[in-house]
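The residues making up each chain are set out below.
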Amino acid sequence: MGVYNRAPLAFERGEGSRLYSTDGEEFLDCVGGIATTGLGHAHPALVKTLKEQGEKLWHVSNIFRIPQQEALADRLCAASFADVVFFTNSGTEAIECALKAARRYHVVNGQPDRVDIIGFDGSFHGRSYAAVNASGNASYLEGFGPRLPGYTQLPFGDWEALKAALSPTTAAVIIEPVQGEGGARALTEAQLNELRAMTREAGVLLIYDEVQCGMGRTGKLFAYEWASDAEPDIMCVAKALGGGFPIGACLASAEAARGMTVGVHGSTFGGNPLAMAVGVTAFDTINSEETLGNVRDVAGYFVQQLNGLKDRYPDLIVDVRGKGLLIGVKLVSNNREFMALARDQKLLVAGGGDNCIRLLPALNLTQEEASEAVAKLEKTLDVVRASQKAA
Ligand code: PLP
């Protein structure tokens, strides 16, 4: 179906942060499959696990115990607020599970009127009916019939509006601690703490969508960990969780998952042995000081260099934002055109809301590679400037 606006480019091979096109060109990859190939391309440990598990067992069904699934769930719970996990094949499905779990919680808790889900402008939670209704982006809702009842959106980070909106019919608040598609907008630690306090006080579940900002992207395993007292009740992760293999997960506290009893939810593929084996290796590689420390170091350098570019090109760059290696650069000129011009310099960057380009490289990007990306961006900015002068 014609749903994608594709770049005229195809790749046949990748290695680390390099991608090689079918016509033999080498690119520096700062898209990372949109924050998904968190360990770069063809990471040796992931390839080894995939091959080994591929020769043993791919799929059995969730009617059986799956040791690899239990291993990944144990790791996710040990490293977070969560007690239980449901595995999916995508971020969207993890969001579906989170929203269902939230409503079910209030049913078993004797408050079935609590059905409303509060989300925020500029958010992105996926493309299923529930996900587009939770994000409320008009362009993703248009043409699909009436909006689902029970979903509202507030300005991102506007806690006064949230305080006014929380009511006895509110089931949950869903938010990305760092918005991805919305243009790399990060909540502050104080905002996260305050949000947690408000939702707790109101008896409302707090759902984090860490599909993009989780799994090491910000320099901690989960973005909420930057705040001192902001643990959610439910959290969705995906993307880098499988290092490029399709895996999503909905994590929850035992309390928040009380309504998720036998028969209430399920998945054929979610959590199968092949996916989970890869997930365990990806998890162990990401959840290490080597990887997380690298994100903090390289992100610090990258952002400093990008701010240098902003100082040199104040007419072209509005600001540099985000957290860790979820970096947004807000441009004056059209971001889509800029992405194409960057490709001419053999640099791949992603688009984003608010006329940003996003840099979402592998978590093991080196400082030299970050420096190379900045040099390629500088050349791209020169091209933009020259074309503006010529016009
Ligand atoms: N939530 C966030 C924050 C995302 O960035 C995305 C995808 O970009 C999703 C949910 C949906 O995930 P998926 O595309 O894997 O269904």
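Everything discussed here concerns the structure shown above.
Residues numbered from 1 in each chain as written. Predicted model: local features only at pLDDT ≥ 70, side-chain atom pairs only at ≥ 80, totals over all residues. Heavy atoms only, no water.

## Looking at the site of the ligand
- The environment of the ligand is made up of Ser90, Gly91, Thr92, Phe124, His125, Gly126, Glu176, Glu181, Asp209, Val211, Gln212 and Lys239.
- Here the ligand, which alone exposes 390 Å², has 82% of that area covered by the protein.
- For the shell around the ligand, the class distribution of residues is two nonpolar, six polar and four charged. (Near = heavy atom within 4 Å. Areas by Shrake-Rupley, 256 points an atom, 1.4 Å probe, with all protein chains shown as cover. Nonpolar A, V, L, I, M, F, W, Y, C, P; charged D, E, K, R; others polar.)

## Brief notes about the state of the cysteines
- In the structure shown here, the tally under the stated rule is zero disulfides.
- Its sulfur unpaired, Cys213 is 11 Å from the next cysteine sulfur, which belongs to Cys236.
- The class of Cys213 is buried, set by a relative accessible area of 1%.
- Of the cysteine sulfurs around Cys356, a residue in no disulfide, the closest is that of Cys30, at 15 Å.
- Cys356 sits in the buried class, given a relative accessible area of 0%. (Disulfide = S-S within 2.5 Å. Buried < 20%, exposed > 50% of the residue type's maximum accessible area, 1.4 Å probe, protein only.)

## Some thoughts on a nonpolar patch on the surface
- There is a patch of nonpolar side chains on the surface, built from Met1, Val3 and Tyr4 and spanning about 480 Å² of accessible area.
- Tracing the chain through its elements places Met1 in the segment before β1 (11–15).
- When its relative accessible area of 96% is taken as the criterion, Met1 is described as exposed. (Patch = residues over 30% accessible without salt bridge, like charges linked within 9 Å, V, L, I, M, F, W, Y side chains within 5 Å. Salt bridge = Lys/Arg side-chain N within 4 Å of Asp/Glu carboxyl O. Helix = DSSP H or I, 4+ residues; strand = E, 2+ residues; numbered from the N terminus.)

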